[in-house]
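Structural overview for review
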Amino acid sequence: MRRVIGIGETVLDIIFRGKEPIQAVPGGSAFNAIISLGRAGVPATFISETGNDRVGEWVISFLKENGVDSSNVCVFPDSKSPISLAFLDEQNNAQYLFYKDHPHDQLDFVYPEVNPDDVVVFGSFFAINPVIRPQVMGFLEYARNHGAILYYDVNYRASHKNELLRVTPNIIENLEMADIVRGSNEDFEIMYRKTDADSVYRSEISFYTKKFIYTQGPNPVELRAEGGLKKQYPVVPIEGSVVSTIGAGDNFNAGFVYGMMKHNITRQVIDQGLTEQQWDQVIACAQQFSAQVCRSLNNSIDHDFGQQMKQALP
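Structure report, in brief. (Residues numbered from 1 in each chain as written. Predicted model: local features only at pLDDT ≥ 70, side-chain atom pairs only at ≥ 80, totals over all residues. Heavy atoms only, no water.)

1. Observations concerning the pairing of strand β3 (residues 20-27)
Which entries qualify depends on this criterion: DSSP bridges decide pairing: two strands pair if at least two such bridges lie between them. A run of DSSP states H or I qualifies as a helix once it reaches four residues; a run of E qualifies as a strand once it reaches two. Both are numbered from the N-terminal end.
Where strand β2 (residues 11-17) and β3 come together, seven bridges link them in antiparallel fashion. Counterpart to V11 in the pairing with β3 is G27. The hairpin turn running from β2 into β3, its antiparallel successor, is two residues long, and G18 in that turn takes a positive phi close to 65°.

This is the structure we're talking about:
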């Protein structure tokens, strides 16, 4: 069966409502997606680093408990695990404070097995961090050469706004490597001061890759792809109340990858270009995962929903 390999940061997310901490859960952008895919029955591996502390132990055990191979998570003797504070507003959207010493990041791992049609999920500052860039880029090239499909979530936070000039070459390399790019309106407003899907696609994306998904919170998902395909997808209504939107984008990614597995979107299909019906199918899965995760304080889909998704796989 095809596998998914995630590469990204691990953090401990401590979630606040007002001044009160209400939840703590292991997180990270690609990490959240990989946990959801593990729960949904997709064979998954995660590449990362974590601290030599109780948080690091928690992260690794959390991966294993959710069916994810953690053998490529590095633990260095003197390292501390990063922390993220997420403050929920009245709409249950989060503002973040990150505590991580990026200049001391390290990454040292043996490449996991990658086969044709496997999917690699990467993104966030981890994927452009100059300190570990050689290792990340080396793995992306290795995966592409072995026939994997590369899914890039830009996920550029305001906390790195002042570093944009320094990391722009790495962002461009990622866009060139990627088969599919997803970004939010917030990402591109921070990076390019653009708030329109067409202008972002035309001036910043289409030269490097043709498959582009632009998400914008509660507003419709915008798709741009080969052959001039341009489509809007209204956001799926969430049953009950929105508890937290922290994992919404990460689980959009997870659902999209799950949809690729369910609907047999292979390397060959990627190279030929998805039909409109295929785009509809995978984006429907993406929206389903994204909506489900907003119903709890967890960063990933719940176990019951994961079981339903597992049963729906071919």
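Picking up where we left off.
2. Some points on the environment of F207
Note the cut-off: Three labels apply to residues, based on accessible area from a 1.4 Å probe with only protein chains included: buried if under 20% of the type maximum, exposed if over 50%, partly exposed otherwise in between.
Structurally, F207 is set in the loop between α6 (197-205) and β11 (212-216). Since its relative accessible area comes to 70%, F207 is described here as exposed. With 11 residues separating them along the chain, F207 and P218 place their C-alpha atoms 28 Å apart.

3. Some remarks on the pairing of strand β13 (residues 229-233)
Each regular strand displays side chains that alternate between the two surfaces of the sheet. Bridge count between strand β12 (residues 219-225) and β13: five bridges; the pairing is antiparallel. Bridge pairing in β13 places L223 opposite K231. The turn linking β12 back onto β13 is made up of three residues, and G227 within it adopts a positive phi angle of 70°.

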